[in-house]
Amino acid sequence: MKYLFRFIIFITILFYGCSRRFPEKINIARNSFVLLNQDSSNVNFPFDYKGKILVATFIYTNCPDICPMTTYNMQQVQKKLEQKNINNVQFAAISFDPIRDTPSILKDYASIRGMNLNNFSFLTGNKKSIYSLIKNFNFLVLPGDTTQVGTNPVYFFTHADKIYLIDQQGRIRNEYRGSKLDKNKLLSDIKYLED
Amino acid sequence: MILLFSMLTLFSIHSQKVTVRHAWLRPANKGMNSALYFEVRNNSEKPETLFNVTSNIAGMIQLHESYMEKGMMKMRMVPFIVIKPHSTFVFKEGSYHIMLILLKKDLKPGSKEIFFLHFKNENNLKVIAIVGKN
Ligand SMILES: [Cu+2]
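Basis of the calculations
- Each residue is numbered by its place in its chain's sequence as written, counting from 1.
- Think of it this way: whatever chain is written first is A, whatever ligand is written first is 1, and the rest follow in order.
- Given that this is a predicted model, residues contribute local features only at a pLDDT of at least 70 and side-chain atom pairs are listed and counted only at 80 or more, while totals for whole chains, interfaces and linings are drawn from all residues.
- Water and hydrogen atoms play no part in the side-chain values, which are based on all heavy atoms of the structure.
- Numbering of helices and strands runs from the N terminus, with a helix taken as a DSSP run of H or I at least four residues long and a strand as a DSSP run of E at least two residues long.
- Contacts were defined at the residue level, with two residues in contact if any of their heavy atoms lie within 4.5 Å.
- Computed by Shrake-Rupley with a 1.4 Å probe, the accessible areas treat only the displayed protein chains as cover when residues are assessed.
- Metal donors were taken as nitrogen, oxygen and sulfur atoms no farther than 2.8 Å from the ion, or 3.2 Å where the ion is Na, K or Ca. Water is excluded, so coordination may look unfinished.
- Every angle between 85 and 135 degrees makes a four-donor site tetrahedral, while opposite donors more than 155 degrees apart, with all other angles between 65 and 115, make a four-donor site square planar and a six-donor site octahedral; other sites are irregular.
- Note on exposure labels: buried denotes an accessible area under 20% of the residue type's maximum, exposed denotes more than 50%, and partly exposed covers the range between, all computed with a 1.4 Å probe on protein chains only.
- Note on definitions: the grid is 1 Å and covers protein atoms alone; a cavity is a set of points where a 1.4 Å probe fits but cannot get out; a pocket is an open set with protein on both sides within 12 Å along at least five of seven lines; lining residues have an atom within 4 Å of a point.
- Grid points are joined across faces, edges and corners, and a volume is the space filled by probe spheres set on the points.
- In this count, Pro and Cys sit with the nonpolar residues alongside Ala, Val, Leu, Ile, Met, Phe, Trp and Tyr, while Asp, Glu, Lys and Arg are called charged and the others, Gly among them, polar.
- Centres within 6.5 Å are what make two rings of Phe, Tyr or Trp a pair, Trp counting through its six-membered ring; a difference in plane orientation under 30 degrees is then read as stacked, over 60 as edge-to-face, and the rest as tilted.
- Note on geometry: a ring has a charge over it if NZ (lysine) or CZ (arginine) is within 6 Å of the ring centre and within 35 degrees of the ring normal.
- Nine residue types can take part in a nonpolar core, namely buried Ala, Val, Leu, Ile, Met, Phe, Trp, Tyr and Cys, and a core is a set of them joined through side-chain atoms within 4.5 Å.

(A) Main features of the overall build of chain A. Tallying secondary structure elements over chain A gives five helices and twelve strands in all. The long-range share in chain A, meaning contacts at least 24 apart out of those at least 6 apart in sequence, stands at 69%. Entry remark: accessible area of chain A is about 10,000 Å², with carbon and sulfur atoms responsible for 53%.

See below:
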């Protein structure tokens, strides 16, 4: 009886461990939104990514400290995958500040960082689409107070710190701390989805 | 003579009460924002206060702190930073930083910019920071 009890606990832990690796969090492929990339080309998000693994995050380019860390972490993962010849992965950084983050601003943000845009897109869009998308991801963002510097309004956002792993069917399978990304965890999760 | 002079120079660097190293800033485009990071060491017996940083490359410069609260990343202004005697205060990513708002020029990786650190006791300190990759 005692052994049976132990066995049940063992099995429970085993199964919990397996399911914990990839809980299917949210299916974001239920609605698709027309967004614009850094070249002002239309991107149907997430429909255009169907059949590919997608690593996505939300940023704003006026962010001085946290978002550049997240972007850089994704850039590092992109490089690692390139070295390992894993080609079925796309990256997207979606702006939650679409009013200021026009495609050309996104393009400048990418180019000053020497980003490889072959499989990495910076996306923006109309406010309504962006906010609906953010809601679908359960990503939290709040605008802060606006201060005036000369004639320029200056404001920042309070925002969550996340990178999402989305599978080939458009389902969020895991999420990570964006600015303090566990790159090895993300890489091993990508490999798991690949197989 | 040259040797003596260089030794004196070396000595004067080491005898400075406040020193800064590893100063770097983020790449960013004109009109956008960046952040400056460095390690500041107080070699004296007394606490030292950093209360301002100036430069002509930004429309506004503030001492800031990024922090996490209930899963959200937030940022707040801090009026000054106290560096304890014989210790180092580190401005680093995701934490304390010097906020550079409304840049007047592009900051390209590898380029250098000049800043002045303003202390309560010590003279202003000139710092040359290099623009990093991220
Ligand atoms: Cu700041």
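(B) Summary view of the coordination of the copper ion. Residues and elements named next belong to chain B. Coordination of the copper ion by the protein involves His64 (ND1), Met75 (SD), His97 (NE2) and Met99 (SD), with metal-donor separations of 2.2 to 2.4 Å. Relative to the metal, the four donor atoms surrounding the copper ion lie at angles of 100 to 119°, and the coordination shape comes out tetrahedral. For the copper ion, the donor residues sit on a single chain with the sequence spacing H-x10-M-x21-H-x1-M. Of this pair, His64 sits in strand 4 (residues 58-69) while Met75 sits in strand 5 (residues 72-77), and the two are eleven residues apart along the sequence. Note on His64: relative accessible area 5%, which makes it buried.

(C) Geometry of empty space enclosed by the protein. Under the definition given, this model contains two cavities of 30 Å³ or more. In this structure, the largest cavity occupies an estimated 70 Å³ of space. What lines the largest cavity is a set of 14 residues, among which A:Tyr109, A:Arg113, B:Pro27, B:Ala28 and B:Asn33 lie closest to the centre. For the lining of the largest cavity, the class distribution of residues is eight nonpolar, four polar and two charged. Mapped by element, the contributors of at least two residues to the lining of the second largest cavity are strand 4 (53-59), helix 2 (66-83) and strand 10 (157-160) of chain A. Partitioning the lining of the second largest cavity into residue classes produces six nonpolar, three polar and two charged.

(D) Looking closely at the packing of aromatic side chains. Residue and element names in this part refer to chain A. Applying the stated criterion across every chain yields a total of 18 aromatic pairs over all chains. Summarising the aromatic geometry, the rings of Phe45 and Phe137 are spaced 6.3 Å apart at their centres and angled 35° between planes, so their arrangement reads as tilted. Note that Phe45 is positioned in strand 3 (residues 42-45) and Phe137 in helix 4 (residues 127-137), a separation of 92 residues in sequence. Look at Phe120 and Phe122: their rings are 5.2 Å apart centre to centre, the planes differ by 15°, and that puts the pair in the stacked class. Summarising the burial analysis for this pair, Phe120 and Phe122 share the class buried. Here the aromatic residues Phe45, Tyr49, Phe58, Tyr60, Phe96, Phe137, Phe139, Tyr155, Phe157 and Tyr164 are joined through ring pairs into a cluster of three or more. Looking at Arg113, its charged tip hangs above the ring of Tyr109, at a distance of 4.0 Å from the centre.

(E) Layout of the nonpolar core. In this structure, A:Phe45, A:Val55, A:Phe122, A:Phe137, A:Leu165, A:Leu186 and A:Ile190 are the most contacted members of the largest nonpolar core, which totals 62 residues. With residues up to four places along the chain from it excluded, the contact list for A:Val55 reads A:Met74, A:Val89, A:Gln90, A:Phe91, A:Ala92, A:Ile163, A:Tyr164, A:Leu165, A:Leu186 and A:Ile190.

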